[in-house]
Amino acid sequence: MTRVFLHKIEDMMGVVLNRYSRSLMFLTLLLVLPGVFSDRFMVVCKLIIISLFANVSFSFIIALLICFIAYLISKVCKTLELMWLGSFHLFFYFLFFLELFLFVFFDCHVNANIFQLIDETNSQESSEFLATYLCNWRFVVICFVIALMVVVEYNFDTLLKWKKNKVQKNISFREKSILTLLFSSFVIVSCACFIWNLQYFSIEYREDWKKTEGKFIRFSPSFYIYEAVSQFVQERNLFEECARSNENIVIDSVDREPKNIVVIIGESFNRHHSSLYGYPLETNPKLSSLKNLFVFDNVISPINATSSSFQHFLSMASIEENIAWYEKPLFPAIFNEAGYNVLFFSNQFIKEAGMSTYDASMGFFNHPLLAPKLFDYRNSEKFLYDGDLLDDYKVKKDSLENDSLNLIFFHLYGQHVNPAFRFPSGRDFFKISDYMNRIELNPQQKKEVANYDNATLYNDSVVYEIIKMYENKNAAVVYFADHGDEANDYRAHIGRSRGLHIIGAPGLHCQLDIPFLIFLSDEWIARNPSDVERFKKSLHRPFIIDDLPHLLMDIANLENKFYNPHKSLVNESFDVSRKRVITPLASRPIDYDSVVGGGAILLDFRNKVVVA
């Protein structure tokens, strides 16, 4: 009976292989190609042929299972068979398109952060994204490649029949037997490979990534797409754990002297485009005019993604501690527990009417167990330009702020892609003619740089106005960006790329080097005269905004068990030898300074980086 069953399976497989040959080939190709054109595949995998075989065999079995199920469905309903195969073809083509798009524009593949960005985007950001990337010649090439594959697949049966008729006239029975034996061997080996690699597909994505270090399966799109979905789903379930971490906070001591601590969070600001840091064009004239402004020149972000950056710099957990951001409290909750009135005004992340718990931007802000612990007030309206957000705050300012302790957040749109949309009409001060020395750029690329610099100039005026609101109060204002950006700096590229582990020093400088400024009002200095000297001593220290909470608690004289003076940039006990660990997505953490060589740098904007 066993032999009869095996013969029946063998006959069915023969029918499947013959009937669905086109689907088998193209479903396999669509799964294999994204992993093959990855530069990581070429660099990391020394045994290219073996890696390619492992990838093909694993993808082939997935395609074979899809076709086998289609065959079984065909016994019940032909329409369902077509729907089954058609849905997988559409899905695989979409994944291939997405992979190709991400690789060409962002040097990355599908990962959990991509799903997060899609989940958090809104109509304004979507339209700007389309305007930025879909009108690009590279996007046209991607569409052409997809269309070409569709045409070839559609005509594949005709081509296959022509090839069969031509070849079968000259092929012998012995050669047919050898080919059949080789193909059967391939199927058997592929099944064994598939079964063996199933061990890496668990619900614990962190363990899966560890176990696949250096293994061929890691470069299979089937694997990293599965892990991306798994990570995205699991991280959405971590908000409750984050909420629990913010319970039962104990404050040891706090300076009750009335004060205002203002935290301004910029967006996509590459500090090498700031005249405060040596950029040749005057992009920060207003901030440059301020007295009592401390410009820190060696500060980086741990990651080039907004939500992830927020998670890191809000949390008391440090990346180097090898614990997750949600395992320790978020510092706004600690300030809130200490008696601060915590306000959050954002031009990106707002709580909207009808929004579900995890809907739209910054889902962890919106969790019902967490949100009340973080902020006393959040705005519910966004504006086209950051200046309009500031005007709205000025109207509400007196009713929101109290006369004692205020911690006020301003989260701006800054230079977020596309920077052409980040400044009002008539504020385009920089023109193409200002970049005549950039001979390596064409006119369109020079226009893109001008847009970025104009957005930086407009951002300068907004940050300046916020500071001016508090210059006659007892106030400390901290300004930094969530991450950097590229604006045709050392290569023809705008925006960010997700492959931080492969872009090298120039890319890290552009995408992670951020401005970091602290302004102290005259009244603050009069009450805290020692701050001036200790801030001056700290201007060139290496710092990562992952440790921002410790700096703010130092400034506020807020003592609690989570505060560590060794992590406060302006504290005399600051540990300058600590590693600055950055977190590339879907890759192991990287020591930033070991890659860039340490020290401050200046981009000369001629395809190279000069170490100062």
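Our structure's up above, just so we're on the same page.
Below, the structure is looked at part by part.

1. Quick notes on the overall build of the protein chain
Link 1 in the chain: From N to C terminus, the protein chain includes 24 helices and 17 strands.
Link 2 in the chain: When burial is assessed residue by residue, the protein chain has 54% of its 612 residues classed as buried.
Link 3 in the chain: Within the protein chain, counting contacts between residues at least 6 apart in sequence, those at least 24 apart form 78% of the total.

2. A short note on the sheet that holds strand β8 (residues 475–481)
Link 1 in the chain: If you walk across this open sheet you meet the 7 strands as β3-β11-β8-β2-β7-β5-β6, and the pairing is mixed. Pairing within the sheet leaves two strands with one partner each, and these edge strands are β3 (293–296) and β6 (377–378).
Link 2 in the chain: In this structure, strand β5 (residues 341–346) lies alongside strand β7 (residues 405–411), joined through 6 bridges in parallel fashion. Each bridged residue has a counterpart across the sheet, and for Phe-344 the counterpart in β7 is Phe-409.
Link 3 in the chain: The strands that helix α18 (residues 386–400) touches are β5, β6 and β7; relative to β5, the one it contacts most, it runs at about 160°.

3. Brief notes about the environment of Gln-511
Link 1 in the chain: Looking at the element boundaries, Gln-511 is found in helix α20 (residues 504–512).
Link 2 in the chain: C-alpha separation for the pair Gln-511 and Arg-271, spaced 240 residues apart in sequence, amounts to 9.4 Å.
Link 3 in the chain: Discounting chain neighbours no more than four positions away, the residues touching Gln-511 are Asn-304, His-483, Gly-484, Asp-485, Glu-486, Arg-491, Arg-496, Ser-497, Leu-500 and Ile-503.

4. Thoughts on the pattern of salt bridges
Link 1 in the chain: With the rule as written, the count across this model stands at 20 salt bridges.
Link 2 in the chain: Each member of the salt-bridge network shares a partner with another, and the members are Glu-257, Glu-523 and Arg-527.

5. Concerning helix α15 (residues 306–314)
Given 3.6 residues per helical turn, the α-helix brings residues three or four places apart onto the same face.
Link 1 in the chain: Within α15, 9 of the 9 residues are buried, which leaves the element mostly enclosed by the surrounding structure.
Link 2 in the chain: Those residues of α15 that fall on the buried side of the exposure criterion are Thr-306, Ser-307, Ser-308, Ser-309, Phe-310, Gln-311, His-312, Phe-313 and Leu-314.

6. With respect to the pairing of strand β11 (residues 516–520)
Link 1 in the chain: The element β11 is largely enclosed, with a buried count of 5 among its 5 residues.
Link 2 in the chain: Residues Phe-516, Ile-518 and Leu-520 line one face of β11 and the alternating positions Leu-517 and Phe-519 line the opposite face, and both faces are buried.
Link 3 in the chain: Sheet topology note: the β3/β11 ladder contains 4 bridges and is antiparallel. Paired with Phe-294 across the two strands is Ile-518, which belongs to β11.
Link 4 in the chain: In this structure, β8 lies alongside β11, joined through 5 bridges in antiparallel fashion. Looking across to β11, one finds that Val-478 is bridged to Ile-518.

7. Quick notes on a nonpolar patch on the surface
Link 1 in the chain: Nonpolar side chains collect at one region of the surface, where Trp-137, Val-141, Phe-144, Val-145, Leu-148 and Val-152 lie side by side and expose about 590 Å² of accessible area between them.
Link 2 in the chain: Inspection of the secondary structure assignment puts Val-145 in helix α8 (residues 137–154).

8. Quick look at the nonpolar core
Link 1 in the chain: Grouped together as the largest cluster of nonpolar side chains are 98 residues, with contacts concentrated most on Phe-331, Phe-335, Tyr-340, Phe-410, Ile-466, Phe-480 and Phe-516.
Link 2 in the chain: At 10 residues, helix α19 (residues 443–470) tops the list of elements feeding residues into this core.
Link 3 in the chain: Beyond its immediate sequence surroundings of up to four residues, Phe-331 is in contact with Phe-313, Leu-314, Met-316, Leu-407, Phe-409, Leu-548, Pro-549, Leu-552 and Met-553.
Link 4 in the chain: One finds Ile-61, Tyr-71, Phe-223 and Ile-225 within the second-largest nonpolar core, a separate group that totals 43 residues.

9. Thoughts on the packing of aromatic side chains
Ring pairs (aromatic) are described by centroid distance and by the angle formed between their planes.
Link 1 in the chain: In this structure the tally under the stated criterion is 27 aromatic pairs.
Link 2 in the chain: Here the basic side chain of Arg-271 rests over the ring of Tyr-277, its NZ or CZ set 5.8 Å away from the ring centre.

10. Some words on the environment of Val-250
Link 1 in the chain: Relative to the assigned elements, Val-250 resides in the loop between α13 (239–245) and β1 (251–254).
Link 2 in the chain: Considering only alpha carbons, one finds Val-250 and Ile-334, 84 residues apart in sequence, at a separation of 8.2 Å.

11. What to know about the side chain of Arg-541
Link 1 in the chain: Take Arg-541: it is sitting in the loop between α22 (530–536) and β12 (543–544).
Link 2 in the chain: Polar side-chain contacts of Arg-541 include one of 2.7 Å to the backbone oxygen of Leu-569.
Link 3 in the chain: Within polar-contact distance, the side chain of Arg-541 engages the backbone oxygen of Asn-571 at 3.0 Å.
Link 4 in the chain: Apart from the residues lying within four places of it in its own chain, the contact partners of Arg-541 are Asn-298, Leu-569, Val-570, Asn-571, Glu-572, Phe-574 and Val-576.

Thresholds applied
- Residues numbered from 1 in each chain as written.
- Predicted model: local features only at pLDDT ≥ 70, side-chain atom pairs only at ≥ 80, totals over all residues.
- Heavy atoms only, no water.
- Helix = DSSP H or I, 4+ residues; strand = E, 2+ residues; numbered from the N terminus.
- Buried < 20%, exposed > 50% of the residue type's maximum accessible area, 1.4 Å probe, protein only.
- Contact = heavy atoms within 4.5 Å.
- Pairing = 2+ DSSP bridges.
- Axes fitted to C-alpha atoms, helices over the stretch in contact; angles between N-to-C directions.
- Salt bridge = Lys/Arg side-chain N within 4 Å of Asp/Glu carboxyl O.
- Patch = residues over 30% accessible without salt bridge, like charges linked within 9 Å, V, L, I, M, F, W, Y side chains within 5 Å.
- Areas by Shrake-Rupley, 256 points an atom, 1.4 Å probe, with all protein chains shown as cover.
- Core = buried A, V, L, I, M, F, W, Y, C linked by side-chain atoms within 4.5 Å.
- Phe/Tyr/Trp six-rings, centres within 6.5 Å; stacked < 30°, edge-to-face > 60°.
- Lys NZ or Arg CZ within 6 Å of the ring centre and 35° of its normal.
- Polar contact = N/O pair within 3.5 Å; in protein donor to acceptor, adjacent residues only side chain to side chain.

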